[in-house]
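Architecture at a glance
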Amino acid sequence: MSHINDLLKQIPHVDRLMQNDIIVKSGVYRHEAADALRHVLAELRDGIRAGTVASAPPCDALAQVAVELARRRVCKDVSRVINGTGVILHSNLGRACLSKAASEAVVEAASSYCTLEYDIENGRRGSRTGGVEHYLRELTGCEASLVVNNNAAAVLLILSAVAGGGNVLVSRGELVEIGGGFRVPDVITQCGCKLVEVGTTNKTRAADYERAVDANTKALLKVHSSNFEIVGFTESASVKQLAAVGAVHNIPVIEDIGSGALADVRRYGLRNEPFAKESLKNGADVVSFSGDKLLGGLQCGLILGRKIYIDMMKNHPLYRALRVDKMTIAALEATLRVYADPCAAQRDIPVLAMLSLSEDELKTRANGLCDEIRKQGGSAEVVQTKSVAGGGAVPGLELASYAVALHYTGDGRGANDIEKRLRFMSVPIIGRIENDRLLLDVRTIFCDDFGYVAKAAAEVTA
Ligand SMILES: *Cc1c(COP(=O)(O)O)cnc(C)c1O
């Protein structure tokens, strides 16, 4: 008993440990360090009383444990991970990664004063999105444009401003749920519109819209099915056909194209992806799409179209609530700027760079990663796999790719264990389990990260 009391007396006080160099130099805030120390010391006391701790650890050791605990306790819902899943636009992993130029623009806009609504030339108040509007006009030929928080917000604003109080005609095959509770019928109701379903689930023709038009019809809405596919006997009215119906009755045609690629992603195999430019050319009056899907920018929703409708949205009270911040505008400007040069866009915008990787290049990268893992004592092999675009772009389409498959040699631990250990790395590595092997698809891993991935993979498979 006296031994236990002696040990308890040897435990240093929190105040003294707070002076320890390891704590002082850790970069952990003082309140976080103090909380962690109290926790570590309480556990130590319990251990001594229970007889499981035979001697009081030195101050440095206690400080080290406390610093590690404090770091683990930091609430950080957004931290870097390495994406080995092969899903390029992974909604759980933050969708698109920005280009270097766009990332720099975000940091600059966020950390200094900026010309958000200031006209340098004339020294007075200026437009928030003049640059973005300029690039979108150049790239798509749109008359006017607007940027809001995301594509869901875009659809909400468009329908509220253009069709509020009226009927909106939508094909039964396009009454989709995009995910996160975004269901087309609910959004239409939320905007104060009445949904009028036309056609059937698999076949809808222009005549179906024509028949449903009446004095209350305020919009013809077309929604890209994005995350599912109807196969077999299907038919849908094209934007061109809808525009013809709309023109006769003077009703706007609105298209939510979902991903909204600006580059020619069809040559990477994304065959059915609609383009904003094409949609406008075919007669859509308003087109909306996401900024962080195939465009490769930050989360936002882009609205392009005829000026009279864009003006109605700009003047709608919802716009003030849905408009984007300076970081988003900065990122969007920098991203759109590259698109005028398709080669530069493919090189600099990560989403396009990943989409455009050739099978040969992917194989070379996978071989390089595999060799490095083996060199460091790990166990891996190169396998063929399929990547997907993700983010609701082209469901069912798979891109041939290469992955490194990790497995233990010998003992009974399986892929789940490897998966978990990679996930618990200081920079978590997220992979995919297939046939009881953990796959890391090299398409979505940045070149700069291969060294880290090799080391981690060797460590968990050795
Ligand atoms: C992804 C998607 C949305 C939602 O876009 P967010 O930018 O995520 O709000 C809406 N409509 C379609 C067709 C989509 O594919």
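Residues numbered from 1 in each chain as written. Predicted model: local features only at pLDDT ≥ 70, side-chain atom pairs only at ≥ 80, totals over all residues. Heavy atoms only, no water.

Okay, the site of the ligand next. Near the ligand you find Arg95, Asn150, Asn151, Ala152, Ile178, Phe182, His224, Ser226, Asp256, Gly258, Ser290 and Lys293, and these make up its full shell. Within the side chain of Asp256, one N or O atom sits 2.6 Å away from a nitrogen atom of the ligand. Between the ligand and Lys293, the relevant distance is 2.8 Å, taken from an oxygen atom to a side-chain nitrogen or oxygen of the residue. Here the ligand, which alone exposes 380 Å², has 92% of that area covered by the protein. Contributing elements (two or more residues each) for the shell around the ligand: helix H8 (151-163) and strand E9 (253-258). Within the shell around the ligand, the residues separate by chemical class into 3 nonpolar, 6 polar and 3 charged. (Near = heavy atom within 4 Å. Polar contact = N/O pair within 3.5 Å; in protein donor to acceptor, adjacent residues only side chain to side chain. Areas by Shrake-Rupley, 256 points an atom, 1.4 Å probe, with all protein chains shown as cover. Helix = DSSP H or I, 4+ residues; strand = E, 2+ residues; numbered from the N terminus. Nonpolar A, V, L, I, M, F, W, Y, C, P; charged D, E, K, R; others polar.)

A few words now on the pattern of salt bridges. Within the structure shown, the criterion is met by 23 salt bridges. Of the charged contacts in the structure, one is a salt bridge between Asp292 and Arg95, with a shortest N-O distance of 3.0 Å. You can see Asp292 sitting in the loop between strand E10 (286-290) and strand E11 (301-305) and its partner Arg95 sitting in the loop between strand E2 (87-89) and helix H6 (100-111), a full 197 residues away along the chain. The salt bridge involving Glu117 is made with Arg125; its shortest N-O contact spans 3.0 Å. Using a relative accessible area of 23% as the deciding quantity, one classes Glu117 as partly exposed. Among the charged side chains, a network of salt bridges with common partners joins Glu117, Arg125, Arg128 and Arg323. (Salt bridge = Lys/Arg side-chain N within 4 Å of Asp/Glu carboxyl O. Buried < 20%, exposed > 50% of the residue type's maximum accessible area, 1.4 Å probe, protein only.)

Turning our attention to helix H20 (residues 450-461). Between the first and last C-alpha of H20 there are 16 Å, a value that for 12 residues agrees with the 16 Å anticipated at 1.5 Å per step. The set of residues buried in H20 consists of Phe450, Val453, Ala454, Ala456, Ala457, Ala458, Val460 and Thr461. Elements that come into contact with the buried residues of H20 comprise strand E1 (82-83), helix H18 (359-375), strand E13 (399-406), helix H19 (415-423), strand E14 (429-430) and strand E16 (437-441). (Expected span 1.5 Å × (residues − 1). Contact = heavy atoms within 4.5 Å.)

With that settled, the discussion passes to the side chain of Asn20. Mapped onto the elements of the fold, Asn20 is located in the loop between helix H2 (14-17) and helix H3 (21-24). Here Asp60 takes part through its side chain, which lies 2.9 Å from a polar atom of the side chain of Asn20. If sequence neighbours within four positions are ignored, Asn20 has contacts with Cys59, Asp60 and Ala63.

For the rest of this paragraph, the subject is unusual backbone geometry. Its identity is not glycine, yet Arg95 carries a phi of approximately 55°, on the positive side. Take Arg95: its relative accessible area is 25%, and that puts it in the partly exposed class. Phi at Asn435 takes a positive value of approximately 50°, unusual for a residue other than glycine. If you trace the backbone, Asn435 turns up in the loop between strand E15 (432-434) and E16.

Between its terminal C-alpha atoms H8 stretches 17 Å, which fits the 18 Å expected from 13 residues at 1.5 Å a residue. Of all 13 residues that make up H8, 11 are buried, and the element is covered over most of its length. Taken as a whole, H8 has its buried residues at Asn151, Ala153, Ala154, Val155, Leu157, Ile158, Leu159, Ser160, Ala161, Val162 and Ala163. Two or three places before Ala152, at the start of H8, stands the capping residue Asn150, its side-chain oxygen 3.3 Å from that residue's backbone nitrogen. One or two positions beyond H8, positive phi appears at Gly165, with a value near 85°.

Another point: the nonpolar core. If you look at the biggest cluster of nonpolar residues, it comprises 42 residues, and the most contacted ones within it are Val265, Leu294, Leu332, Tyr339, Leu352 and Leu355. Secondary structure elements with two or more residues in this core: E2, helix H7 (130-140), helix H12 (276-281), E10, E11, helix H15 (326-338), helix H16 (342-348) and helix H17 (350-356). If we skip the residues at most four places from it in the chain, Leu355 touches Ile88, Val265, Tyr268, Leu270, Leu294, Leu399 and Arg443. If you look at the next biggest cluster of nonpolar residues, it comprises 32 residues, including Val148, Cys191, Val223 and Tyr319. (Core = buried A, V, L, I, M, F, W, Y, C linked by side-chain atoms within 4.5 Å.)

Attention now goes to the sheet that holds E10. Adjacent strands of a sheet pair through backbone hydrogen bonds, lying either parallel or antiparallel. Read from one edge of the open sheet, 7 strands run E5-E11-E10-E9-E8-E6-E7, paired in mixed fashion. For this open sheet the edge positions go to strand E5 (144-148) and strand E7 (194-198), each flanked by a neighbour on one side alone. Ignoring strand direction, the axes of neighbouring strands in this sheet form an average angle of 20°. Sheet strands touched by helix H13 (residues 307-314): E5, E10 and E11. Its angle to E5, the strand with the most contacts, is close to 30°. (Pairing = 2+ DSSP bridges. Axes fitted to C-alpha atoms, helices over the stretch in contact; angles between N-to-C directions.)

Looking at the element boundaries, Ser401 is found in strand E13. Classification of Ser401 as buried rests on a relative accessible area of 2%. When neighbours within four sequence positions are excluded, Ser401 is seen to be in contact with Leu362, Val383, Gln384, Thr385, Lys386, Ser387, Asp441 and Arg443.

Moving on to the sheet that holds strand E12 (residues 380-390). Spatially, the 5 strands line up as an open sheet ordered E2-E12-E13-E16-E15, and their pairing is mixed. Looking at which strands have only one partner, the edges of the open sheet turn out to be E2 and E15. Along the sheet, successive strands turn relative to each other by an average axial angle of 45°, direction set aside. Across 2 bridges, E2 lies against E12 in parallel orientation. Among the inter-strand pairings, Leu89 is bridged to a residue of E12, identified as Gly390.

The next thing to look at is the domain arrangement of the chain. Assigned domains within the chain: domain 1 (2-73), domain 2 (82-91 + 352-461) and domain 3 (100-348). Each of domain 1 and domain 2 has a C-alpha centre, and the two are 39 Å apart. (Domains from an automatic or database assignment.)

So, about the packing of H19 against H20. One way to put it is that H19 packs onto H20 with a least axis distance of 10 Å and a crossing angle of 135°. With respect to H20, the axis of H19 lies oblique. In the packing of H19 onto H20, the handedness of the crossing is right-handed. Of the residues in H20, those in contact with Ile418, Arg421 and Leu422 of H19 are Ala456, Ala457, Glu459, Val460 and Thr461. When the residues that make up the contact of H19 with H20 are grouped by side-chain class, the tally is 5 nonpolar, 1 polar and 2 charged. (Parallel < 35°, antiparallel > 145°, perpendicular 65-115°, else oblique. Left-handed = near helix turned anticlockwise from the far one by under 90°.)

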